[in-house]
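Descriptive analysis of the structure
What follows is the residue order along each chain.
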Amino acid sequence: FFSVAIVPRMEEITAALGASLEVSQVPNDTSKPHPRLADFKGKPQNAMDQEKRRRQHLQEQKSSRADKYSAARLLDLDDDEEDKAKEKDAEMSKRKYKDQLMLSEWLVDVPADFAEWQLVLCPQGKRVLVISSRGRTRAFLKSGWCISTFSSALPSGNRAGPFRASEYCILDCIYDDLLRRMYVLDIMCWRGLPVYDTNCELRYFWLTSKFAEEPACGERSEKNPVPFEVLPRLPCTPDSITQSLAQRYKFEVDGLLFYNKETHYTPGPTPLVGWLKPEMVEPLLGVKVSLPLPAPDRPGPPKEQEMELEVQ
């Protein structure tokens with residue numbers, strides 16, 4: 001028997017409280033107020049620093065390529081002992097999956113090549129690392145805690161059909177608890193092939209192509225109780241930004257992510273991905289926009305379609 005609701009566990013609450021007490025050293029940390037919130041017209045001192053760090057990050061991508069295959073394989077490894085002694089291995093498992101998502105900074109200044117960046121409108125929800133492997137699919141918070149184990153139509157994501165240990169997938173997603181849906185932001189690995197060291201455009205092409213080959217991933221079923229939906233990417237032009245915020249979506253809009261097209265998938269905060277709330281767009285970017293329309297009232301799936309994320 002399955003039900004899609006994710007109920008926070010005590011360790012999640014503890015992790016969240018601990019994170020809230022940490023002193024962040026991350027430049028333009030999105031968990032803190034926007035550095036230009038008080039005066040959008042004033043150019044803060046760290047704006048130039050952000051542009052400088054963008055150039056440094058891009059240069060580092062060219063000069064050094066990390067062994068991402070080994071990193072992806074490590075995330076896939078499914079330790080049987082971990083299942084047999086969950087309490088003993090919980091902290092070790094948490095460390096293994098912690099800080100594996102690429103995180104944004106506040107967009108403090110507008111890059112000169114901003115029209116060549118990509119825009120993603122993001123729904124409200126939980127940011128999760130999703131891994132399908134060896135007949136099950138798991139979702140991890142940024143802190144590394146596994147909040148759910150469930151069946152999916154992703155390769156190696158369920159036990160209903162044949163699967164290979166080498167065909168695991170790693171995705172960057174946002175989970176909408178109200179709609180019981182996974183919105184896919186990015187892809188790091190598909191059927192065992194890592195794409196961390198490819199640029200943003202190629203990863204998005206790969207992501208949309210692979211999901212087009214697996215239509216069952218987008219449909220709600222017993223094998224796939226939580227549908228996956230790829231979030232579209234748009235050019236960062238004034239018209240595109242205005243039109244995207246003028247539409248009504250089935251989800252509540254949380255904010256906008258801006259991706260440098262050349263960025264590789266690098267876990268941790270990066271100046272190559274910017275973040276703004278909808279109300280910040282007009283004063284910071286100088287683009288005339290209307291705030292997103294509220295999402296229409298929509299009930300969850302019928303009771304007979306409710307499914308537990310936790311494998312029984």
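Conventions we followed
- Residues numbered from 1 in each chain as written.
- Predicted model: local features only at pLDDT ≥ 70, side-chain atom pairs only at ≥ 80, totals over all residues.
- Heavy atoms only, no water.
- Helix = DSSP H or I, 4+ residues; strand = E, 2+ residues; numbered from the N terminus.
- Buried < 20%, exposed > 50% of the residue type's maximum accessible area, 1.4 Å probe, protein only.
- Contact = heavy atoms within 4.5 Å.
- Areas by Shrake-Rupley, 256 points an atom, 1.4 Å probe, with all protein chains shown as cover.
- Salt bridge = Lys/Arg side-chain N within 4 Å of Asp/Glu carboxyl O.
- Core = buried A, V, L, I, M, F, W, Y, C linked by side-chain atoms within 4.5 Å.
- Pairing = 2+ DSSP bridges.
- Axes fitted to C-alpha atoms, helices over the stretch in contact; angles between N-to-C directions.
- Expected span 1.5 Å × (residues − 1).
- Arc of directions from axis to C-beta.
- Polar contact = N/O pair within 3.5 Å; in protein donor to acceptor, adjacent residues only side chain to side chain.
- Phe/Tyr/Trp six-rings, centres within 6.5 Å; stacked < 30°, edge-to-face > 60°.

Here we come to the overall build of the chain. Of regular secondary structure, the chain possesses eight helices and twelve strands. The buried share of the chain, reckoned over its 312 residues, is 49%. The contacts in the chain between residues at least 6 apart in sequence include a share of 72% that link residues at least 24 apart. Total accessible area on the chain stands at roughly 15,600 Å², and carbon and sulfur atoms take up 54% of it.

Attention shifts here to the pattern of salt bridges. Taken as a whole and assessed by the stated rule, the structure comprises 16 salt bridges. Note that Asp109 and Arg54 form a salt bridge whose closest N and O atoms lie 3.0 Å from each other. Taken as a pair, Asp109 in the loop between β1 (102-106) and β2 (118-123) and Arg54 in helix α2 (residues 45-63) lie far apart in primary sequence, 55 residues in all. Taken individually, Asp109 and Arg54 each receive the classification buried, so the pair is uniform in this respect.

Residues Ile170, Ile241, Phe258 and Leu285 are the most contacted members of the largest nonpolar core, which totals 48 residues. Counting residues per element, this core draws most heavily on strand β11 (residues 253-259), which supplies five residues. Formed by 23 residues, the second largest nonpolar core is a distinct cluster that contains Ala139, Ile147, Trp190 and Leu207.

Time to look at the sheet that holds β1. With mixed pairing, five strands are arranged side by side in an open sheet as β1-β12-β11-β2-β10. Each having just a single partner strand, β1 and β10 (234-235) make up the two edges of the open sheet. One ladder, built from four bridges, connects β1 with strand β12 (residues 268-276); its direction is parallel. Paired with Glu105 across the strands is Gly274, a residue of β12. Strands β2, β10 and β11 of the sheet are contacted by helix α7 (residues 238-246), whose axis makes an angle of about 15 degrees with β2.

For helix α6 (residues 200-213), built from 14 residues, the straight-helix expectation of 20 Å at 1.5 Å per residue is met to within 8% by its first-to-last C-alpha distance of 20 Å. Taken as a whole, α6 has its buried residues at Cys200, Arg203, Leu207, Lys210 and Phe211. Along the long axis of α6, the arc covered by the buried residues comes to 100 degrees, so they all point the same way. More than 90 degrees from the buried face of α6, the exposed residues found are Phe205, Ala212 and Glu213. Its buried side turned inward, α6 meets β1, β2, β6 (169-176), β7 (181-190), β9 (228-230) and β11. The backbone nitrogen of Glu201 has a side-chain oxygen 3.1 Å away, supplied by the residue at the start of α6, namely Asn199.

The phi angle at Arg134 is positive, at roughly 55 degrees, despite the residue not being glycine. In this fold, Arg134 is placed in the loop between β3 (126-133) and β4 (136-140). Positive phi, normally seen in glycine, also occurs at Arg191, with a value near 50 degrees. As for its placement among the helices and strands, Arg191 is situated in the loop between β7 and β8 (193-194). Residue classification places Arg191 among the partly exposed residues on the basis of a relative accessible area of 36%.

Moving on, we get to the packing of aromatic side chains. All chains considered together, the criterion is met by eight aromatic pairs. Here Tyr183 and Phe251 contribute two aromatic rings whose centre-to-centre distance is 5.2 Å and whose plane-to-plane angle is 70 degrees, an arrangement assigned as edge-to-face. With a gap of 68 residues between them, Tyr183 in strand β7 and Phe251 in the loop between α7 and β11 connect regions that are remote in the sequence. Grouping residues by exposure puts Tyr183 and Phe251 together as buried. Judged by centre distance (5.9 Å) and plane angle (75 degrees), the ring pair of Tyr196 and Tyr265 falls under edge-to-face. Taken together, the residues Tyr196 in the loop between β8 and α6 and Tyr265 in the loop between β11 and β12 connect sequence positions 69 residues apart. The exposure class assigned to Tyr265 is buried, which follows from its relative accessible area of 0%.

A few words now on helix α8 (residues 278-285). Among all positions in α8, only Pro278, Met280, Val281, Leu284 and Leu285 are buried. Axial view of α8: buried residues confined to an arc of 135 degrees, hence all on one face. Each element contacted by the buried residues of α8 is listed here: β1, α7, β11 and β12. Positive phi shows up at Gly286, right after α8, with a value of about 70 degrees.

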